[in-house]
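What follows is each chain in one-letter form.
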Amino acid sequence: MNISEKYIKRCIELARNGLGTTYPNPMVGSVIVHEEKIIGEGWHKKAGEPHAEVNAINSVKNEALLKHATIYVNLEPCSHYGKTPPCSDLIIEKGIKKVVIGTMDPFAKVAGRGIKKLMDSGCKVKVGVLEEECLELNKRFFTFHNKKRPYIILKWAQTQDGFIAPETKAEKKPVWITNKYSGTLVHKWRSEEAAILVGTSTVLEDNPNLNVRKWTGEDPVRIIIDKSLKIPKDASIYNDQQKTIIICGQNNQTSKEDNLIFEEIVFSENIAQDICRILYKHELQSVIIEGGTNTLKQFIETGLWDEARIFTGKSRFKKGLKAPLLTGKLEKELMIANDNLKIYRNDQGNNF
């Protein structure tokens, strides 16, 4: 690993601190180095707050060193005025002459303009260091801007004999297939994604809250597929604790609440595609789809998924609702106590 890679790797480590809190902005970390010593570092913490480069520059105790330092950042510095001033302008203003960038920013208002502005001002700019790692870090952001849809994560739990639910849930709702540690991990995942999606049957059978209770973080936006608006108004998904979007066939409902929205789609068409369009419209960069089987199949069959996280618990149902079948590249396998977790990636043209 060369010097540039070493410091871009540190930028990635810093940037990960913002997972789940920077939406709609990307995760960015920045390191400032003088004579092979880190003199400043920072990351972007939340949309509307200072960017990584600003935090890194502000952390430098002796600003006189900036003129002789190199700034490293995993994503191209912005060049436009948003909720904060352009980072490229600040780098130029502080006299930093060497800039090392992991990857370009696909966002239309940046997309190479930050790099051009830096070079036009006399900065020596290096781009493409640990680029694959930088793309992976912001896979949600890149998928959203390049594919015009959210990054899609499928998630389900199945028994040893391949069932996602028992034949009947009369004895207990919901029926847990996995252990409490896997349950906590799922809540951590929810805190990291912009939205969570389930179908009508899941809501009617389990009455889920779809929030973050076993972890610290923001609740995701709830996306509920309810073609005929069968879900009763006293269901948990109709509480006002988090933003909820109901996807239906025909809407005769009116909502005065800002955090309850009804969106219509044609259910005879490509449902998964239409859902992606709605999520893109609402600027939701990622979604974790938790079921049930029919909902998961809609996305699997159309190839509209990026990642699948599949738990296999120790129990057996012998009969019930079969888990979906999925073909993908096995990326990781690990044990969560006595639960097996396999993480797959869609290897059919799945690039950012």
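These numbers come from a predicted model, not from an experiment.

Caption draft 1: Focus on the overall build of the chain. Assigned secondary structure in the chain consists of ten helices and 16 strands. Relative to a compact globule of 352 residues, whose C-alpha radius of gyration would be 20 Å, the chain shows 23 Å and is just as compact. With the principal axes as the frame, the chain shows a C-alpha extent of 70 × 45 × 35 Å. Evaluated residue by residue, the chain yields a buried proportion of 54% over its 352 residues.

Caption draft 2: Broad picture of the sheet that holds strand E9 (residues 221-225). Strand order in this open sheet of nine strands is E11-E10-E9-E8-E12-E6-E13-E16-E15, and the pairing throughout is mixed. Strand pairing shows two members of the sheet lacking a second neighbour, strand E11 (260-264) and strand E15 (329-336), which therefore form its edges. Mean inter-strand twist for the sheet, computed between neighbouring axes without regard to direction, equals 20°. Pairing between strand E8 (residues 195-198) and strand E12 (residues 286-291): four bridges, direction parallel. When the bridges of E12 are listed, Ile196 appears paired with Ile288. Contacts from helix H7 (residues 180-192) reach strand E6 (151-158), E8, E12, strand E13 (307-312), E15 and strand E16 (339-345) within the one sheet, and its direction differs from that of E13 by about 165°. Seen against the sheet, helix H10 (residues 293-301) touches E6, E8, E9 and E12 and runs at an angle of roughly 135° to E6.

Caption draft 3: A look at the UniProt feature "binding site: Zn(2+)" (unreviewed entry) in the chain. Under the feature "binding site: Zn(2+)" (unreviewed entry), the UniProt entry names His51, Cys78 and Cys87. In sequence the annotated residues extend across 37 residues, while in space they remain close, none of their C-alpha pairs exceeding 9.1 Å. By the element assignment, His51 lies in the loop between strand E2 (37-43) and helix H2 (52-58). Counting through the fold element by element, Cys87 comes out in helix H3 (residues 87-93). We classify Cys87 as buried; its relative accessible area is 1%. If we ignore the near neighbours within four places in the chain, the residues touching Cys87 are His51, Glu53, Val54, Pro77 and Cys78.

Caption draft 4: View of the sheet that holds strand E5 (residues 124-127). If you walk across this open sheet you meet the five strands as E2-E1-E3-E4-E5, and the pairing is mixed. Each end of this open sheet is capped by a strand with a single partner; those strands are E2 and E5. Taking the axes of each pair of neighbouring strands and ignoring which way they run, one obtains an average angle of 15° across the sheet. As defined by bridge partners, strand E3 (residues 70-75) adjoins strand E4 (residues 98-103) across five bridges and the pair is classed as parallel. Looking across to E4, one finds that Thr70 is bridged to Lys98. Set on the sheet, helix H1 (residues 3-15) makes contact with strand E1 (29-34), E2, E3, E4 and E5; between it and E3 the angle comes to about 55°. Contacts from helix H4 (residues 113-120) reach E4 and E5, with the element oriented near 150° to E5.

Caption draft 5: Representation of H10 in the model. Within the span of H10, buried status applies to Thr293, Thr295, Leu296, Phe299 and Ile300. Viewed end-on, H10 has its buried residues packed into an arc of 165°, placing them on one side of the element. Seen from the open side of H10, the exposed residues pointing more than 90 degrees away from its buried face are Asn294 and Glu301. Count one or two residues on from H10 and you reach Gly303, which has phi positive near 70°.

Caption draft 6: Up close: the nonpolar core. Core analysis: the biggest nonpolar cluster contains 33 residues, and Ile152, Leu154, Ile223, Ile275 and Phe299 have the highest contact counts within it. Looking at this core, the element that brings in the most residues is helix H9 (residues 271-281), giving six residues. Sequence-distant contacts of Ile223, that is, excluding residues within four places in its chain, are made with Ala195, Ile196, Leu197, Val198, Ile245, Ile247, Leu279 and Leu284. One finds Ala157, Phe163, Val175 and Ile231 within the second-largest nonpolar core, a separate group that totals 29 residues.

Caption draft 7: Up close: the side chain of Glu307. Note on placement: Glu307 falls in strand E13. Excluding its chain neighbours within four sequence positions, the residues that come into contact with Glu307 are Lys139, Tyr151, Ile152, Ile153, Leu154, Ile343, Tyr344 and Arg345.

Caption draft 8: Spotlight on the packing of aromatic side chains. As enumerated under the stated definition, the model contains four aromatic pairs in all. Pairing Tyr7 with Tyr72 gives two aromatic rings, centres 5.1 Å apart and planes at 45°, and the pair type is tilted. Residue Tyr7 is found in helix H1, and its partner Tyr72 is found in strand E3; the two are separated by 65 residues along the sequence. For the residue pair Tyr7 and Tyr72, the accessibility class agrees, reading buried in each case. Residues Phe141 and Phe142 carry aromatic rings whose centres are separated by 6.0 Å and whose planes lie at 80° to one another, so their mutual orientation is edge-to-face. Taken individually, Phe141 and Phe142 each receive the classification buried, so the pair is uniform in this respect. Looking at Lys45, its charged tip hangs above the ring of Trp43, at a distance of 5.1 Å from the centre. The positively charged end of Lys214 is found above the aromatic ring belonging to Trp176, 5.6 Å away from the centroid.

How each quantity is defined
Residues numbered from 1 in each chain as written. Predicted model: local features only at pLDDT ≥ 70, side-chain atom pairs only at ≥ 80, totals over all residues. Heavy atoms only, no water. Helix = DSSP H or I, 4+ residues; strand = E, 2+ residues; numbered from the N terminus. Rg over C-alpha atoms; globule rule 2.2 N^0.38 Å. Buried < 20%, exposed > 50% of the residue type's maximum accessible area, 1.4 Å probe, protein only. Pairing = 2+ DSSP bridges. Axes fitted to C-alpha atoms, helices over the stretch in contact; angles between N-to-C directions. Contact = heavy atoms within 4.5 Å. UniProt positions renumbered as here; feature names shortened; annotations may be inferred. Arc of directions from axis to C-beta. Core = buried A, V, L, I, M, F, W, Y, C linked by side-chain atoms within 4.5 Å. Phe/Tyr/Trp six-rings, centres within 6.5 Å; stacked < 30°, edge-to-face > 60°. Lys NZ or Arg CZ within 6 Å of the ring centre and 35° of its normal.

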